[in-house]
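Understanding the architecture of this molecule
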Amino acid sequence: PSILLSIAYLSVVSSGGLAFFSNPVDSNILDIAKKYEIDVVVTENDNLNGFVSILDFINMNFTPNYTYKKINDFNACTAFFTSGTSGEAKCVLLSEKNLCENVIAGCSMLEYSPSDIHLNILPFYHAYGITCSLLAPLYSGGTLCFGESVATFFRDLNIFKPTFIQTVPMVLQTILAYSQNHKMSIYKILSGGANTPAELINAFRKIGIQVYSCYGMTECSPCISCNDGNISKDSSVGKLLSCNQIKFLDEEIFLCGTNIMLGYFGEEKQGDWFQTGDCGYMDKDGYLYLTGRKNGCVKLQNGEKLFPEQIENIANMFSGVVESRATLNYSSFILEIFVQENTVDLYSLENFIYKNLSVSIKLDKIIIVPHAF
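Every value quoted in this text rests on a predicted model; they were computed, and no experiment measured them.

**A short note on the sheet that holds strand β14 (residues 252-257)**
Spatial strand order, β13-β14-β16-β17: four strands in an open sheet with antiparallel pairing. Of all the strands in the sheet, just β13 (244-249) and β17 (288-293) have a single pairing partner and so form its edges. Here the average twist between neighbouring strands, direction ignored, is 50 degrees. Both β14 and strand β16 (residues 274-282) contribute to a ladder of three bridges, which runs antiparallel.

**What about the packing of aromatic side chains?**
Taken as a whole and judged by the stated rule, the model has eleven aromatic pairs. Look at Tyr-36 and Phe-265: their rings are 4.4 Å apart centre to centre, the planes differ by 85 degrees, and that puts the pair in the edge-to-face class. With Tyr-36 in the loop between α2 (29-35) and β2 (42-43) and Phe-265 in the loop between β15 (263-264) and β16, this residue pair connects regions lying 229 residues apart in the sequence. Residue class for Tyr-36 comes out buried when judged on its relative accessible area of 8%. For Phe-265, a relative accessible area of 25% puts it in the partly exposed group. Here the aromatic rings of Tyr-281 and Tyr-289 are separated by 5.1 Å at their centres, their planes lie at 5 degrees, and the arrangement is stacked. For Tyr-289, a relative accessible area of 12% translates into the label buried. Among the aromatic residues, those joined into a cluster by ring pairs are Phe-20, Tyr-36, Phe-81 and Phe-265. The cationic tip of Lys-90 hangs over the ring face of Tyr-264; the distance from NZ or CZ to the ring centre is 4.5 Å.

**Digging into unusual backbone geometry**
Backbone torsion omega between Ser-221 and Pro-222 reads -5 degrees, so that peptide bond is classified as cis. The residue Glu-37 is not glycine, and still its phi comes out positive at about 55 degrees. Note on placement: Glu-37 falls in the loop between α2 and β2. The backbone phi angle of Glu-251 is positive, close to 75 degrees, even though this residue is not glycine. As for its position among the elements, Glu-251 is in the loop between β13 and β14. Its relative accessible area of 41% is what places Glu-251 among the partly exposed residues.

**Let's talk about the packing of helix α6 (residues 153-160) against helix α7 (residues 169-179)**
The N-to-C vectors of α6 and α7 enclose an angle of 60 degrees; their axes lie 12 Å apart at closest approach. Between α6 and α7, the interaxial angle falls into the category oblique. Like other packed secondary-structure pairs, α6 and α7 cross with a definite hand, here right-handed. Contacts from Phe-153, Phe-154, Leu-157 and Asn-158 of α6 reach α7 at Thr-174, Ile-175 and Tyr-178.

**Topic: the state of the cysteines**
Per the counting criterion, the structure on display carries zero disulfides. Cysteine Cys-132 is unpaired, with the sulfur of Cys-223 as its nearest cysteine sulfur at 3.5 Å.

**A short note on the nonpolar core**
Judged by nonpolar contacts, the single largest core of 52 residues is most densely connected at Tyr-9, Tyr-112, Ile-130, Leu-134 and Leu-190. Element by element, the count of residues in this core is highest for helix α5 (residues 127-140), at seven residues. Excluding its chain neighbours within four sequence positions, the residues that come into contact with Ile-130 are Tyr-9, Phe-21, Phe-80, Phe-124 and Leu-135. Counting residues in each nonpolar core, the second largest holds 21 residues, with Val-344, Leu-349, Ile-353 and Leu-357 among its members.

**Brief notes about helix α9 (residues 308-317)**
Turning to α9, its buried residues are Pro-308, Ile-311, Glu-312, Ile-314, Ala-315 and Asn-316. Those residues of α9 that are buried lie in contact with β18 (298-299), β19 (305-306), β20 (321-329), β21 (332-339) and α10 (346-356).

**Re the sheet that holds β21**
Spatial ordering of the open sheet is given by β20-β21-β22, a layout of three strands whose pairing is mixed. The strands lining the two open edges of the sheet, one partner per strand, are β20 and β22 (363-368). Across this sheet, the average inter-strand angle for adjacent strands is 20 degrees, counted without regard to direction. Note: β21 against β22, five bridges, orientation parallel. Across the sheet, the residue bridging to Ile-337 is Ile-368, located in β22.

**Some words on the packing of helix α4 (residues 96-110) against α5**
For any two helices packed against each other, one specifies the crossing angle of their axes together with the interaxial distance. At a minimum axis distance of 10 Å, the contact between α4 and α5 shows a crossing angle of 70 degrees. In terms of orientation, α4 and α5 fall into the roughly perpendicular class. Only Thr-131, Leu-135, Ala-136, Tyr-139 and Ser-140 of α5 make contact with α4, whose side of the interface consists of Leu-99, Asn-102, Val-103, Ile-104 and Cys-107. The class makeup of the residues in the contact of α4 with α5 is seven nonpolar, three polar and no charged.

**Things to note about the pattern of salt bridges**
In this structure the tally under the stated criterion is eleven salt bridges. Close ionic contact of Asp-156 with Arg-155 constitutes a salt bridge, the shortest N to O distance being 3.1 Å. The buried category is assigned to Asp-156, whose relative accessible area is 3%. Where salt bridges share partners, they join Lys-233, Asp-283, Lys-284 and Asp-285 into one cluster.

Rules of the game
- Residues numbered from 1 in each chain as written.
- Predicted model: local features only at pLDDT ≥ 70, side-chain atom pairs only at ≥ 80, totals over all residues.
- Heavy atoms only, no water.
- Pairing = 2+ DSSP bridges.
- Helix = DSSP H or I, 4+ residues; strand = E, 2+ residues; numbered from the N terminus.
- Axes fitted to C-alpha atoms, helices over the stretch in contact; angles between N-to-C directions.
- Phe/Tyr/Trp six-rings, centres within 6.5 Å; stacked < 30°, edge-to-face > 60°.
- Buried < 20%, exposed > 50% of the residue type's maximum accessible area, 1.4 Å probe, protein only.
- Lys NZ or Arg CZ within 6 Å of the ring centre and 35° of its normal.
- Parallel < 35°, antiparallel > 145°, perpendicular 65-115°, else oblique.
- Left-handed = near helix turned anticlockwise from the far one by under 90°.
- Contact = heavy atoms within 4.5 Å.
- Disulfide = S-S within 2.5 Å.
- Core = buried A, V, L, I, M, F, W, Y, C linked by side-chain atoms within 4.5 Å.
- Nonpolar A, V, L, I, M, F, W, Y, C, P; charged D, E, K, R; others polar.
- Salt bridge = Lys/Arg side-chain N within 4 Å of Asp/Glu carboxyl O.

Here it is in structure tokens:
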């Protein structure tokens, strides 16, 4: 399905159309199509009313009814929906220039090579998948392989023998466990979509695989920065890609560059500087560090400020913790964790957090949750 989707997407863009991507599990896709005046809704399923199968779309076994859209006064070619983690999901409009500038800068920083063999495992309804797992391999001249599904990933590793994959931190945990008993051809991994713990990066380094953690947002096409393998900077999100510039206002990150979106659907065009909502700082060597979301900052009773992400990042460093989520409960915090094999000693974890956190807090309770966040 991914290779058919790639062909369909490139066909729409090359013909001057505007391609919308939506998560296939959304039950309201037809409502989305009506809201955004989408002419053709393409699906992998051949038997859904109101949809065109992807094979029929590629073979043109239907009569398209394209209409001119004022939205394309923006010169948009691709529309993605944000994850909605900081509020209601918005429709982000990106141009060919946005995507291509991001691809070129990313390929340069990560040294995408014609000799690389890529195995795509990312969904294309996120900008990360389109930019890093489709367009970047094609631009660099590498070999792009498509497996049958996520479920066949380890079988596909043996078939295609990829040297470079792009994925998310949770999948990294599974790959690391697999590597203990299997020899792999991979030597380079790009990790994005969430924070990649420094300990995980270092664990892969010990087995000869370099993990590059990437910071990005859909509005930025999506890559903003990426680390470069500097062992002393594993906890950073790396250096800025050459396509963008940065400034800080009251610790909040603002970005400007050729990769910044045209705007949100139905709103004004994006201005010169994009307000990310993320807070952070840059060290003297040009490495960017994230501290948390601006609207999530907590002022403690002693006057100090704390981002819940600071607690989460430390918890994620503790052996056995895969993911965590910290929330404020009156004057103390509740920490939820998803663990591997339920082996985490909660008393030791609590002391580990207190020892490594730069401010004094009270953890009300630590809860082990049964499923990943």
